[in-house]
Amino acid sequence: MPVAATRPPYLLRLKAANFRSLREIEVHLQPLNVLVGPNGAGKSNLLDVIAFLGDSVRDDLEPALGRRGGFERVFFRGARSKGVKKIVIEIEAALTKNSSRKTTDHYTLSIRQGSVPARSGKRARTYLIREETFLFKRTAGPGRRISIAGGGVTFTTGEHEHKGSLREGSLGLATLPKLSAEEGGAQVEELALLFESFRVFDINVAAARKPSPTPRSENLKNDASNLAAFLRYIAEDHEDVFADIIKDARIFIPGLKSLEFESIGGAGEGTVLSLSEDGLDDTTQLSEASFGSIRALSLLALLHDPNPPKMTCIEEIDHGLHPHVLDRLVELLREASERTQFIIATHSPPLVNRLKPEELIVCERDGDASSRIPAIDSETVRKMEKELGGEIGLGELWFTGALGGVPS
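These numbers were taken from a predicted model, which means no experiment stands behind them. (Residues numbered from 1 in each chain as written. Predicted model: local features only at pLDDT ≥ 70, side-chain atom pairs only at ≥ 80, totals over all residues. Heavy atoms only, no water.)

1. Examining unusual backbone geometry
Next up, step 1: With an omega dihedral of 0 degrees, the bond running from Pro-8 to Pro-9 counts as a cis peptide bond.
Next up, step 2: By the secondary structure assignment, Pro-9 is in the segment before strand 1 (11-19).
Next up, step 3: The residue after Ile-373, namely Pro-374, is reached through a cis peptide bond having omega -5 degrees.
Next up, step 4: In this fold, Pro-374 is placed in the loop between strand 18 (371-372) and helix 12 (378-387). (Helix = DSSP H or I, 4+ residues; strand = E, 2+ residues; numbered from the N terminus.)

Shown next as structure tokens:
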């Protein structure tokens, strides 16, 4: 029996118009995606499209926009004088039961502003107008389409159609998962969960140094502040995974022998993590470990996570790591991308040297302040690489400007 997609890539295509610097971009995604380009090219804005959908699922549309300064700050400022001010996000995925690369799931969100004319002594009031479309394709049997405009919802399955209502301004992606399975609630929920669980991993070394206030944790926090508790959970419940973490940690942290855990707080309420190292009589607590060691352990914990979310983002993944470990890092990323889809940002040519053309997404900024993503397609990159016969790696090609995505 067909079931929902069980391995990446889940998000196949992302298209955005007028979202910050993303004037008009369309990106096709793989299990592992690495963004390169100068500062201000739009890498963070691309990631924020996904984070914005996640915030919208959790908090609804207006709070998600408000967190980013409101519609006026999110809308691409270079296009203010060009027609209707509208933000559009389009998603193609392979998530739901019966979906595949050929029968995909589609979601489109369109946002614009309406206004109530000013009355005497009062300012004009603006409000959001949103339209949404869900399309779930099928190879056998009828597909399903759900269209939302204002407070009206239209459900179409094959030749059958019926209408419903939705609170004006409320996001269907957030509220329609409450529908019955017959109306498509389970399918919408799969899309909503993809964005709601999207993890942006940004290691806070100072927080990760501290003892974890809980004895163990089954989920690694986005800032790695519960690193000790998460690694203890892995050590106790996933011994084979923990053994792999130790094996890789010895590559990333020379001289490391093992990791040791100590309960604190009297009743085992917290956990301290220590490193046992060659040549030292005593262990080194995480609070005393180097910046690079803590980042390495945090990354290894994430990359070996047995139950990751469907999508993970890491910015500047190689920060604090020695170039000699990049081969293993890329191997680990590819292995982990069989469990979670990665979107990673880097400025490191040595890391890019180790990538395949289809894993690389080059980002550029045009003269009108808009982002061009991708700045070059993967097939063109593959041909360039082949013509050079392996004499120059992708990192060097990018660094020289041959692929674009470098400061002008």
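From this point, the discussion proceeds with the structure in view.
2. Observations concerning the pattern of salt bridges
Next up, step 1: Going through the model one piece at a time under the given rule, you end up with 26 salt bridges.
Next up, step 2: One continuous salt-bridge network, built from bridges that share partners, spans Arg-20, Asp-48, Asp-55, Arg-58, Asp-59, Arg-67 and Arg-68. (Salt bridge = Lys/Arg side-chain N within 4 Å of Asp/Glu carboxyl O.)

3. Quick notes on the side chain of Ser-110
Next up, step 1: With respect to the helices, strands and loops of the structure, Ser-110 is situated in strand 5 (residues 105-116).
Next up, step 2: We classify Ser-110 as buried; its relative accessible area is 10%. (Buried < 20%, exposed > 50% of the residue type's maximum accessible area, 1.4 Å probe, protein only.)

4. Points about helix 8 (residues 239-252)
An α-helical turn contains 3.6 residues, so any two residues separated by three or four positions project in the same direction.
Next up, step 1: The end-to-end C-alpha distance of helix 8, which contains 14 residues, comes to 20 Å, matching closely the 20 Å that a straight helix rising 1.5 Å per residue would cover.
Next up, step 2: Within the sequence span of helix 8, burial applies to Val-241, Phe-242, Ile-245, Ile-246, Asp-248, Ala-249 and Phe-252.
Next up, step 3: Among the structural elements, helix 7 (227-237), strand 11 (256-264), helix 9 (291-303) and helix 10 (326-336) are those in contact with the buried residues of helix 8. (Expected span 1.5 Å × (residues − 1). Contact = heavy atoms within 4.5 Å.)

5. Here's the deal with the packing of aromatic side chains
Next up, step 1: Summed over all chains, the structure comprises six aromatic pairs.
Next up, step 2: Pairing Phe-71 with Phe-75 gives two aromatic rings, centres 5.8 Å apart and planes at 20 degrees, and the pair type is stacked.
Next up, step 3: Residue Phe-71 is classed as buried on the basis of its relative accessible area of 4%.
Next up, step 4: What makes Phe-75 buried here is its relative accessible area of 1%.
Next up, step 5: Arranged with centres 4.8 Å apart and planes meeting at 40 degrees, the rings of Tyr-107 and Phe-134 form a pair that is tilted. (Phe/Tyr/Trp six-rings, centres within 6.5 Å; stacked < 30°, edge-to-face > 60°.)

6. A look at the sheet that holds strand 10 (residues 199-201)
Next up, step 1: If you walk across this open sheet you meet the five strands as 10-14-15-3-16, and the pairing is parallel. Across the chains shown, the open sheet's two edge strands, defined by having one partner strand only, are strand 10 and strand 16 (360-362). For this sheet, the mean inter-axis angle between neighbouring strands, taken without regard to orientation, is 20 degrees.
Next up, step 2: On top of the sheet, helix 9 reaches strand 10, strand 14 (311-315) and strand 15 (341-345); it is set at about 155 degrees to strand 10, its chief contact. (Pairing = 2+ DSSP bridges. Axes fitted to C-alpha atoms, helices over the stretch in contact; angles between N-to-C directions.)

7. Focus on the nonpolar core
Next up, step 1: Phe-252, Leu-259, Leu-329 and Phe-342 are the most contacted members of the largest nonpolar core, which totals 61 residues.
Next up, step 2: Looking at this core, the element that brings in the most residues is helix 9, giving eight residues.
Next up, step 3: Dropping the residues within four chain positions of it, Phe-252 is found in contact with Ala-296, Leu-300, Leu-321, Val-325, Arg-328, Leu-329 and Leu-332.
Next up, step 4: One finds Leu-47, Ile-148, Phe-195 and Ile-343 within the second-largest nonpolar core, a separate group that totals 57 residues. (Core = buried A, V, L, I, M, F, W, Y, C linked by side-chain atoms within 4.5 Å.)

8. Comments concerning the environment of Thr-104
Next up, step 1: Topologically, Thr-104 is positioned in the loop between strand 4 (86-93) and strand 5.
Next up, step 2: Its relative accessible area of 1% is what places Thr-104 among the buried residues.
Next up, step 3: As for Thr-104 and Ser-290, which are separated by 186 residues in sequence, their C-alpha atoms are 46 Å apart.
Next up, step 4: Not counting chain neighbours up to four residues away, the residues in contact with Thr-104 comprise Leu-12, Glu-92, Ala-93, Leu-135, Phe-136 and Lys-137.

9. Some words on the pairing of strand 15
Next up, step 1: For strand 15, the tally of buried residues reaches five of five residues, placing the bulk of the element in the interior.
Next up, step 2: Where strand 3 (residues 32-36) meets strand 15, four bridges bridge the pair, whose relative direction is parallel. In the sheet register, Leu-32 faces strand 15, and the bridge partner there is Phe-342.
Next up, step 3: On the question of chirality, the crossover connecting strand 14 to the parallel strand 15 by way of helix 10 is right-handed. (Right-handed = clockwise from strand over helix to strand, strands pointing away.)

10. Description of the packing of helix 1 (residues 43-59) against helix 5 (residues 185-196)
When two helices pack together, their arrangement is given by the angle between the helix axes and the distance between those axes.
Next up, step 1: One way to put it is that helix 1 packs onto helix 5 with a least axis distance of 7 Å and a crossing angle of 115 degrees. Like other packed secondary-structure pairs, helix 1 and helix 5 cross with a definite hand, here left-handed. Contacts between helix 1 and helix 5 pair Ile-50, Leu-53, Gly-54, Val-57 and Arg-58 from the former with Ala-192, Phe-195 and Glu-196 from the latter.
Next up, step 2: Of the residues assigned to the contact of helix 1 with helix 5, the class counts are five nonpolar, one polar and two charged. (Left-handed = near helix turned anticlockwise from the far one by under 90°. Nonpolar A, V, L, I, M, F, W, Y, C, P; charged D, E, K, R; others polar.)

11. A short note on helix 9
Next up, step 1: A rise of 1.5 Å per residue sets the reference length of helix 9, with its 13 residues, at 18 Å; its end C-alpha atoms lie 18 Å apart and thus fit the reference within 8%.
Next up, step 2: Buried within helix 9 are the following residues: Gly-292, Ser-293, Ile-294, Arg-295, Ala-296, Leu-297, Ser-298, Leu-299, Leu-300, Ala-301, Leu-302 and Leu-303.

12. Digging into the sheet that holds strand 6 (residues 125-136)
Next up, step 1: An order of 2-1-4-5-6-7-8-9 is seen for the eight strands of this open sheet, with the pairing classed as antiparallel. For this open sheet the edge positions go to strand 2 (22-28) and strand 9 (160-165), each flanked by a neighbour on one side alone. Between one strand axis and the next, the sheet turns through 10 degrees on average, direction left out of account.
Next up, step 2: Examined bridge by bridge, strand 4 and strand 5 share eight bridges and lie antiparallel to one another. Its bridge partner lying in strand 5, Ile-89 is registered against Leu-109.
Next up, step 3: Against the sheet, helix 1 engages strand 1, strand 2, strand 4 and strand 5, with an angle of about 100 degrees to strand 1.
Next up, step 4: Seen against the sheet, helix 5 touches strand 1, strand 4, strand 5, strand 6 and strand 7 (144-149) and runs at an angle of roughly 115 degrees to strand 6.

13. A few points about the state of the cysteines
Next up, step 1: Counted according to the given criterion, the structure contains zero disulfides.
Next up, step 2: Cysteine Cys-313 shares no disulfide, and the gap to the nearest cysteine sulfur, in Cys-363, comes to 12 Å.
Next up, step 3: The exposure class of Cys-313 is buried, given its relative accessible area of 0%. (Disulfide = S-S within 2.5 Å.)

By themselves, these figures tell us nothing about what the structure is for.
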